[in-house]
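Take a look at the letters that make up each chain.
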Amino acid sequence: MASFLVQAVLCLCAASHAAAAPADQASPLPAAAAFDGPLDLTHPLSKAAQNWPGARGFNFTLQVAQEFPEFGGFVAFNEFCMAEHLGTHLDAPYHFNQAGWKVHEIPVSRLVAPGVLLDASAEAAANRDLFLGVEALEAWEARHGRVAEGSVVLVRFGWANKYADRKDYFGVATDDRTSNDTEHLSFPSLSAELARTLAARKVAGVGVDTPSVDPGKAGDHAPLAHRALAAANAFNLENVNLATTLLPPTGFTLLVMPTLIVGGTGAPVRIVALPGKGALAA
């Protein structure tokens, strides 16, 4: 998210080996009854990807998709342009900490990490302006043990199922993706106290299935959670696709793979959950 700063705009040229443009809707969720294989926790990039009010959306342009006899057949490639903080993305600590890591400086060891899931969907269903307090973490730790240093903590508010509906997802009056309306935002977030406590646990990062770790509630946009986590060089993951109910509270590995942008304050990211220790088994 970039509700408090003018967002840097990322323009990229991408080669595509497929003839069709990406679908505008999220991929179907796994139908399996158990978490026994990789889970993609990423909303796809397309014109339907949610952008923060006032930020550049995802602009995808077909450049070439045709037969080239001189090259032996069909060739396709496209271009896209977007804000750094769009769709499922990573906020580098530098986003709110001048001395924090930029995207390319985050150690890869922090991007392959034990996963933790806090489910606050019931609380958020009762109060869409929920500030999740530290008591949620304390209750989780009473059942599962202290959150391990270096973990990535995901918080499910039940918002991923609203992602396709901009008005419901952001709590705004219009689905106009070019609107700069930040005065009527309404979605659940982390309290400053919870963010400070997670930072004290020395987590690698925190992810939410909402537009921001900080509140959307009108009149209370202070980026206290961002600042608390960034001060500890912890990254944020926002707009995470946590619609799946297969993830357990603990015992899984997260692969967090942002585009490696030199100097980036944020980047689009692919997030994959693996059962058990996964890539950390060795």
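Residues numbered from 1 in each chain as written. Predicted model: local features only at pLDDT ≥ 70, side-chain atom pairs only at ≥ 80, totals over all residues. Heavy atoms only, no water.

Engineer: Please provide a residue-by-residue account of the overall build of the protein chain, values included.
Structural biologist: Looking only at helices and strands, the protein chain features five helices and 13 strands. Expressed as a percentage of the 282 residues in the protein chain, the buried residues total 51%. In the protein chain, the share of contacts with a sequence separation of at least 24, taken over all contacts with a separation of at least 6, comes to 76%. When the accessible surface of the protein chain is totalled, it reaches about 12700 Å², and 54% of it is carbon and sulfur. (Helix = DSSP H or I, 4+ residues; strand = E, 2+ residues; numbered from the N terminus. Buried < 20%, exposed > 50% of the residue type's maximum accessible area, 1.4 Å probe, protein only. Contact = heavy atoms within 4.5 Å. Areas by Shrake-Rupley, 256 points an atom, 1.4 Å probe, with all protein chains shown as cover.)

Engineer: Talk me through the side chain of T88; I want residue IDs and the actual numbers.
Structural biologist: Relative to the helices and strands, T88 is located in the loop between β4 (73-83) and β5 (89-91). With relative accessibility at 3%, the residue T88 sits in the buried group. Within the structure, T88 has its side chain in polar contact with the backbone oxygen of N239 (distance 2.7 Å). Not counting residues within four places of it along the chain, the set of residues in contact with T88 comprises L41, T42, H43, E238, N239, V240, P268, V269 and I271. (Polar contact = N/O pair within 3.5 Å; in protein donor to acceptor, adjacent residues only side chain to side chain.)

Engineer: Explain unusual backbone geometry to me, using residue names and the numbers behind them.
Structural biologist: For K202, which is not a glycine, the phi torsion comes out positive at approximately 60°. Tracing the backbone shows K202 in the loop between α4 (192-200) and β10 (205-208). One non-glycine residue, N233, lies in positive phi territory at about 60°. Here N233 lies in the loop between α5 (224-231) and β11 (235-238). Residue N233 is classed as buried on the basis of its relative accessible area of 17%.

Engineer: Residue-level account of the nonpolar core, with values.
Structural biologist: Within the largest apolar cluster, 40 residues are counted, with the highest numbers of intra-cluster contacts made by F157, L190 and L198. Of all elements in the fold, only β4, β6 (112-119), α2 (134-144), β8 (152-156), α3 (166-170), α4, β10 and α5 reach the threshold of two or more residues within this core. Considering every element that reaches this core, the biggest residue donor is α4, with four residues. Residues contacting L198, with those up to four places away along its chain left out, are L137, V153, V203, V206 and L229. In terms of nonpolar packing, the next biggest core, distinct from the first, is built from 27 residues, A92, L111, A204 and L237 among them. (Core = buried A, V, L, I, M, F, W, Y, C linked by side-chain atoms within 4.5 Å.)

Engineer: Pulling in residues and values, what's your account of the environment of A192?
Structural biologist: Relative to the helices and strands, A192 resides in helix α4. Here A192 falls in the buried class, since its relative accessible area comes to 17%. Separated by 37 residues in the primary sequence, A192 and L229 place their C-alpha atoms 9.4 Å from one another.

Engineer: Describe the pairing of β8, naming the residues involved and giving the relevant values.
Structural biologist: A large share of β8 lies buried, amounting to five of its five residues. The alternating pattern of β8 places V152, L154 and R156 on one face and V153 and V155 on the opposite face, and all of these are buried. Bridge analysis of β6 against β8 gives five bridges, and the strand direction is parallel. Considered in β8, the bridge of G115 is made with V152. Summarising the sheet, β8 and β10 pair through four bridges and their orientation is parallel. Within β10, the position partnered with V152 by the bridge is G205. (Pairing = 2+ DSSP bridges.)

Engineer: Please provide a residue-by-residue account of a negative patch on the surface, values included.
Structural biologist: On the surface, E123, E135, E138 and E193 cluster together into a patch of negative charge. With respect to the helices and strands, the residue E193 is situated in helix α4. (Patch = residues over 30% accessible without salt bridge, like charges linked within 9 Å, V, L, I, M, F, W, Y side chains within 5 Å. Salt bridge = Lys/Arg side-chain N within 4 Å of Asp/Glu carboxyl O. Lys, Arg positive; Asp, Glu negative; His and termini not counted. Charge placed at Lys NZ, Arg CZ, Asp CG, Glu CD.)

Engineer: Summarise the pattern of salt bridges; cite the residues concerned and give the values.
Structural biologist: Going through the model one piece at a time under the given rule, you end up with five salt bridges. In this structure, R201 engages E141 in a salt bridge whose closest nitrogen and oxygen atoms are separated by 2.8 Å. Of the two residues, R201 is situated in the loop between α4 and β10 and E141 in helix α2; the sequence distance between them amounts to 60 residues. Across the pair, exposure class does not vary: R201 and E141 are buried alike.

Engineer: Talk me through the packing of aromatic side chains; I want residue IDs and the actual numbers.
Structural biologist: Within this structure, the stated rule accounts for eight aromatic pairs. With centroids separated by 6.5 Å and ring planes inclined at 70°, the aromatic side chains of F35 and F252 adopt a geometry described as edge-to-face. With F35 in the loop between β1 (9-14) and β2 (39-40) and F252 in strand β12 (residues 252-258), this residue pair connects regions lying 217 residues apart in the sequence. With respect to class, F35 is no different from F252; both count as buried. Joined through ring pairs, the aromatic side chains of W52, Y163, Y169, F170 and F187 make up one cluster. In this structure, K102 packs its charged tip against the face of Y94, placed 4.7 Å from the ring centre. Its end group placed over the ring of W159, K162 keeps NZ or CZ at 4.7 Å from the ring centre. (Phe/Tyr/Trp six-rings, centres within 6.5 Å; stacked < 30°, edge-to-face > 60°. Lys NZ or Arg CZ within 6 Å of the ring centre and 35° of its normal.)

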